[in-house]
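Coordinate analysis (summary)
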Amino acid sequence: MSKLLVLQSDFGLADGAVAAMIGVAHEVDVELKINNLTHDITPYNVWEASYRLFQTAEYWPEETVFVSVVDPGVGSSRKSVVVKTKNNQYIVTPDNGTLTHIKKYIGIVAVREIEESVHRRKNSEHSHTFHGRDVYAYTGAKLASGKIEFEEVGKEIAIDDIIETEIGEVVTTENSIKGCIDILDIRFGSLWTNIPSEAFLEMGFERGERVEVLIKDREKVIYNNRIIYGKSFDDVYIGEQIIYMNSLYRTAVAINQGNFAKAYSIGTGINWTIEFKKID
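This text gives an overview of the structure that appears in the document. Being a predicted model, the structure only gives us computed values, none of them experimental.

1. Brief notes about the pairing of strand β13 (residues 241-245)
Buried residues dominate β13, accounting for 4 of its 5 residues. Inspection of the sheet shows strand β12 (residues 220-229) paired to β13 by 2 bridges, in the parallel sense. What sits directly across from Ile-228, in β13, is Ile-242. Sheet analysis places β13 next to strand β14 (residues 250-255), joined by 5 bridges and oriented antiparallel. Paired with Gln-241 across the bridge in β14 is Ile-255.

2. A look at the pattern of salt bridges
All told, the structure shown has 12 salt bridges when counted by the stated rule. The salt bridge involving Asp-29 is made with Lys-3; its shortest N-O contact spans 2.9 Å. In this pair, Asp-29 is assigned in the loop between α1 (17-28) and β2 (33-38) and Lys-3 in the segment before β1 (4-9), connecting sequence segments 26 residues apart. A relative accessible area of 10% means that Asp-29 is categorised as buried. For Lys-278, the salt bridge goes to Glu-209, with nearest N and O atoms at 3.1 Å. Note that Lys-278 is positioned in the segment after β15 (269-277) and Glu-209 in the loop between α5 (197-202) and β11 (210-217), a separation of 69 residues in sequence. Salt bridges here are not isolated pairs; linked through shared partners, they connect Lys-103, Asp-160 and Glu-164.

3. Thoughts on the sheet that holds strand β5 (residues 90-94)
Strand order in this open sheet of 7 strands is β2-β1-β3-β5-β4-β6-β7, and the pairing throughout is mixed. Strands with a single pairing partner mark the edges of an open sheet, and in this sheet they are β2 and β7 (156-157). Strands in contact with helix α4 (residues 131-145) are β1, β3 (65-69), β4 (80-85) and β5; relative to β3, the strand with the most contacts, it is inclined by about 170°.

About the thresholds
- Residues numbered from 1 in each chain as written.
- Predicted model: local features only at pLDDT ≥ 70, side-chain atom pairs only at ≥ 80, totals over all residues.
- Heavy atoms only, no water.
- Buried < 20%, exposed > 50% of the residue type's maximum accessible area, 1.4 Å probe, protein only.
- Helix = DSSP H or I, 4+ residues; strand = E, 2+ residues; numbered from the N terminus.
- Pairing = 2+ DSSP bridges.
- Salt bridge = Lys/Arg side-chain N within 4 Å of Asp/Glu carboxyl O.
- Contact = heavy atoms within 4.5 Å.
- Axes fitted to C-alpha atoms, helices over the stretch in contact; angles between N-to-C directions.

Structure, rendered in structure tokens:
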């Protein structure tokens, strides 16, 4: 195995939760290379956890083990699983929708339910609220270190049986393309949509062209204006809005050196739709 372990959670870094997970992993193998994807997932936001895995995983080597813990159902009957992806990586996580984007955009080749009676830190049997430490970090470390094989995690379950959250559809008409605002480029407030760059370009939009943009929260119009489609932020003045292709090859909207989401109080999810229209 690669001995690479990457951690993600909604725990933040204000207390010792993440350090405890790292400590447990080093108990398994002190030579493990442990990295953090993020621990600033919005609390309980499984969708966001799913997206951040998709955003990041393909840039890590084969056999990297990811541990993702956004687990509002901790201690319930929800399953704990390890999946093997088409990129030959592993993700250790609760089965609660966290694997949605990985399954759709990268692909999953096998799923195993963690046999917690075997793969659980010693003397943690009476704790039911910190599986991130006791089950996921522990199992992920055993897998990353090569102390167990994927086949030893537990029984195999059907890929189609894992829990998925709803992903918005991309809809095109003769002169428009519509999708949803998947997530924010948080620090800069850019809107990242689910519309692939290829689909946007197939509409015939050209760089330098102004495109009508309509954003709704369900049926309520939040924003409607015309924005330049550009290559990079340098194509517009500071404070001006721009449509561009982000690092995941999806259509995005931003304010050059500003924060679009804050400026217009924009949210994310399938109820937040965004439509790009040709101007006659």
